[in-house]
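Secondary and tertiary structure notes
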Amino acid sequence: MSKISGKETKPEILVRKFLFSKGFRFRKNDKRYPGKPDIVLPKYKTVIFIHGCFWHGHICKKAKLPDTRNEFWQKKISRNVERDKKNICELKNMRWKVTIIWQCEINTKEKRKKKLKLLLKEI
Ligand SMILES: [Zn+2]
């Protein structure tokens, strides 16, 4: 699981590469913003979070809790979810547009293509 929690996970790199290829310029993991968004697009006042389904409590197959120490994980992850909510709220209060991309939405080439196309429309 250490692989998922690493600072630069693969999905983030893929999304950044895509945006860069489309001419977007951004900052990454900017500490000045709540939640240190994975991608900050100052020109569009948009931030993008690429969330690992497990750590951020997405309701999908990928986020299934381990059978052992179930309660421990439940608490840990609900804390993360609360923190995410708070960060998103703060960003929105600062008039930033917040986009979340879930790992499971971009974990195959086809899904990624579709999702990233949508993303361009949202920015
Ligand atoms: Zn998911």
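Before going into details, it helps to say that this report is about the structure given with it. Keep in mind that this is a model prediction, so the values were computed, not measured.

**Some points on the side chain of Asn80**
Tracing the backbone shows Asn80 in helix 3 (residues 70–93). In this structure the side chain of Asn80 is engaged in a polar contact, spanning 2.9 Å, whose partner is the backbone oxygen of Trp55.

**So, helix 3**
The terminal C-alpha atoms of helix 3, which comprises 24 residues, lie 35 Å apart, in line with the 34 Å expected from a rise of 1.5 Å per residue. Of all the residues in helix 3, the buried ones are Trp73, Ile77, Asn80, Asp84, Asn87 and Leu91. On the buried face of helix 3, the contacting elements are strand 2 (46–51) and strand 3 (97–102). Within two residues after helix 3, Arg95 carries a phi angle of roughly 70°, on the positive side.

**Description of the nonpolar core**
Ranked by internal contacts, the top residues of the largest apolar core, which has 13 residues, are Val15, Leu19, Ile48 and Leu119. Put simply, the parts of the chain that give this core at least two residues each are helix 2 (10–21), strand 1 (39–41), strand 2 and helix 4 (109–122). Broken down by element, this core gets its largest block of residues, three residues, from helix 2. Apart from the residues lying within four places of it in its own chain, the contact partners of Ile48 are Leu19, Pro37, Asp38, Ile39, Leu41, Thr99, Ile101, Leu119 and Ile123. Counting residues in each nonpolar core, the second largest holds seven residues, with Tyr33, Val47, Phe49 and Trp96 among its members.

**Quick word on the pairing of strand 2**
The buried fraction of strand 2 is high, at six of six residues. Of the two faces of strand 2, both are covered, the one formed by Thr46, Ile48 and Ile50 as well as the one formed by Val47, Phe49 and His51. Of the strand pairs in this sheet, strand 1 and strand 2 are connected by three bridges, and their pairing is antiparallel. Bridge pairing in strand 2 links Leu41 to Thr46. If you look at the hairpin formed by strand 1 and strand 2, you'll find four residues sitting between the two strands, and Lys45 has a positive phi there, around 45°. Bridge count for strand 2 against strand 3 is six bridges, and the pairing is parallel. For Val47, the partnering residue across the bridge sits in strand 3 and is Val98. For the crossover that starts at strand 2, traverses helix 3 and ends in the parallel strand 3, the hand is right-handed.

**Re the packing of aromatic side chains**
Throughout the structure, instances matching the rule amount to seven aromatic pairs. Between Phe54 and Trp55, the aromatic rings sit 5.2 Å apart at their centres with planes inclined by 85°, giving edge-to-face as the arrangement. For the pair Phe54 and Trp55, one class covers both residues: buried. Aromatic side chains Phe54 and Trp73 sit 5.4 Å apart centroid to centroid with 65° between the ring planes, which places their arrangement in the edge-to-face category.

**Some words on the side chain of Lys115**
Looking at the secondary structure, you find Lys115 in helix 4. Here Glu105 takes part through its side chain, which lies 3.5 Å from a polar atom of the side chain of Lys115. Among residues more than four places away in sequence, those in contact with Lys115 are Ile100, Ile101, Glu105 and Ile106.

**What to know about unusual backbone geometry**
In the Ramachandran plot, Asn29 falls in the positive-phi region, its phi being about 45° despite a non-glycine side chain. Considering the arrangement of structural elements, one finds Asn29 in the loop between helix 2 and strand 1. Non-glycine residue Lys45 carries a positive phi angle of around 45°.

Cut-offs used in this document
Residues numbered from 1 in each chain as written. Predicted model: local features only at pLDDT ≥ 70, side-chain atom pairs only at ≥ 80, totals over all residues. Heavy atoms only, no water. Helix = DSSP H or I, 4+ residues; strand = E, 2+ residues; numbered from the N terminus. Polar contact = N/O pair within 3.5 Å; in protein donor to acceptor, adjacent residues only side chain to side chain. Expected span 1.5 Å × (residues − 1). Buried < 20%, exposed > 50% of the residue type's maximum accessible area, 1.4 Å probe, protein only. Contact = heavy atoms within 4.5 Å. Core = buried A, V, L, I, M, F, W, Y, C linked by side-chain atoms within 4.5 Å. Pairing = 2+ DSSP bridges. Right-handed = clockwise from strand over helix to strand, strands pointing away. Phe/Tyr/Trp six-rings, centres within 6.5 Å; stacked < 30°, edge-to-face > 60°.

Distances and angles like these do not, on their own, reveal function.
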